[in-house]
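Residue-level structural notes
So the chains spell out like this:
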Amino acid sequence: MDAWTILWAEREQFWTGFITTLNLFVQSAIVAFLLGIVCLFLLEGKLNPLRRLLLLAIDTMRTLPFLIYVYLLYYGLPALGITMDAWTAGLIGLITYHGAYFAEIFRGLRATLPQGQVEAALSQGFGRNKMVYLLILPQLLLRSSSLLANQFVYLLKDTAFLTIITVRELTGVAAAVQANYFIPIEAFVVAMGLYWILSLIIDYAMKLLNKSAISRGLSYEQSNIRR
């Protein structure tokens, strides 16, 4: 049999790996995104010891290679008496690692917003959390579409590293098929194509968000598009 006939015969394995990758991505993306928003609320206001500690945790997470981080979660924590299955370790790794990046995206953009609107909202009796929810967060979401798109794609690609802790996702399936039949190019071309499709969907969704931002005059790309 030629390589493509073999891949067709193994299509159920690829489909299962694709669904596993999709489940990992969707679950971790939603929770990591929400974690980033929670950090935005927690960081609002003057620096205090707790906020400094949170910033340190975010910066520390961003300096770690994801591969080493997830390896430590699955293979290192049992030495401390903490044991997780591969799926749980991978999901926690994706959520906490990329949650730190989402938090940094929001924190960085928050620093660019005019302080006057915050002072005006507070002077009108808004509580700080209500002000962030109604005033700050909507602007950040609309302004950050390109950055969010990149981060979601990075998260998708990082699911491939979970094969090192025995999660049988798309890359793991491709590696197993090529090892059994010695067809590395074709097997990984199929995997790349499926990752590409998911990346295009993410990019399209973020472009829709960016169009919404442009229509409201909240996108930094507005002037470039008009040209």
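Quantities reported herein were computed from a predicted structural model and do not represent experimental measurements. (Residues numbered from 1 in each chain as written. Predicted model: local features only at pLDDT ≥ 70, side-chain atom pairs only at ≥ 80, totals over all residues. Heavy atoms only, no water.)

**What about the UniProt feature "transmembrane region" (unreviewed entry) in the protein?**
According to UniProt, the "transmembrane region" (unreviewed entry) feature falls on residues 24-43, 55-74, 86-103, 132-153 and 181-206. Each end of residues 132-153 is marked by a C-alpha atom, and these two atoms are 27 Å apart; helix forms 95% of the span and strand 0%. Within residues 181-206, the helical portion is 92% and the strand portion 0%, while the C-alpha atoms at the span's ends are 39 Å from each other. (UniProt positions renumbered as here; feature names shortened; annotations may be inferred. Helix = DSSP H or I, 4+ residues; strand = E, 2+ residues; numbered from the N terminus.)

**Regarding helix α3 (residues 49-63)**
For α3, spanning 15 residues, the distance from its first C-alpha to its last is 21 Å, which sits close to the expected 21 Å at 1.5 Å a residue. Of the positions making up α3, those classed as buried are Arg51, Ile58 and Met61. When α3 is viewed along its axis, its buried side chains cluster within an angular range of 90° and face the same direction. For α3, the exposed residues set more than 90 degrees away from the buried face come down to Pro49, Arg52, Leu53, Leu56 and Thr63. Looking at the buried positions of α3, the neighbouring elements they touch are α2 (11-43), α4 (66-76) and α5 (86-110). Its side-chain oxygen placed 3.1 Å from the backbone nitrogen of Leu50, Asn48 serves as the N-cap of α3. (Expected span 1.5 Å × (residues − 1). Buried < 20%, exposed > 50% of the residue type's maximum accessible area, 1.4 Å probe, protein only. Arc of directions from axis to C-beta. Contact = heavy atoms within 4.5 Å. Polar contact = N/O pair within 3.5 Å; in protein donor to acceptor, adjacent residues only side chain to side chain.)

**Side note on the packing of α4 against α5**
At a closest axis distance of 9 Å, the pairing of α4 and α5 adopts a crossing angle of 140°. Considering the angle they form, α4 stands oblique to α5. α4 and α5 meet at a crossing whose hand is right-handed. Between α4 and α5, the residues in contact are Phe66, Tyr69, Val70, Leu73 and Tyr74 and Ala86, Ala89, Gly90, Ile92, Gly93, Leu94, Thr96 and Tyr97, respectively. Class assignment of the residues belonging to the contact of α4 with α5 gives a composition of 10 nonpolar, three polar and no charged. (Axes fitted to C-alpha atoms, helices over the stretch in contact; angles between N-to-C directions. Parallel < 35°, antiparallel > 145°, perpendicular 65-115°, else oblique. Left-handed = near helix turned anticlockwise from the far one by under 90°. Nonpolar A, V, L, I, M, F, W, Y, C, P; charged D, E, K, R; others polar.)

**A look at the nonpolar core**
Formed by 40 residues in total, the largest nonpolar core has its most connected members in Phe14, Phe102, Phe106 and Phe152. The set of elements that each furnish at least two residues to this core consists of α1 (3-9), α2, α5, α6 (115-123), α7 (128-143), α8 (145-158), α9 (170-181) and α10 (184-215). Broken down by element, the residue count for this core peaks at eight residues, all from α2. Contacts of Phe152, omitting those with residues within four sequence positions, involve Phe25, Ala29, Phe33, Phe102, Ile202 and Met206. (Core = buried A, V, L, I, M, F, W, Y, C linked by side-chain atoms within 4.5 Å.)

**Brief notes about the layout of surface pockets**
Put simply, the largest pocket is a space of about 190 Å³. Contributing to the lining of the largest pocket are Leu40, Leu43, Glu44, Gly45, Leu47, Leu55, Arg107, Arg110, Ala111, Leu113 and Gln115. Of all the elements in the fold, those that place two or more residues in the lining of the largest pocket are α2 and α5. Partitioned by chemical class, the residues of the lining of the largest pocket number six nonpolar, two polar and three charged. (1 Å grid on protein atoms, 1.4 Å probe; cavity = no way out; pocket = protein on both sides within 12 Å on 5 of 7 lines; lining within 4 Å. Points joined across faces, edges and corners; volume = space filled by probe spheres on them.)

**Some words on the pattern of salt bridges**
With the rule as written, the count across this model stands at four salt bridges. Among the ionic pairs, Glu44 bridges to Arg110, the shortest N-O distance being 2.9 Å. One end of the pair, Glu44, is in the loop between α2 and α3; the other, Arg110, is in helix α5, with 66 residues separating them in the sequence. Of the residues examined, Arg110 reaches a relative accessible area of 12% and is grouped as buried. Across the salt bridge formed by Lys207 and Asp203, the nearest N and O atoms sit 3.3 Å from each other. (Salt bridge = Lys/Arg side-chain N within 4 Å of Asp/Glu carboxyl O.)

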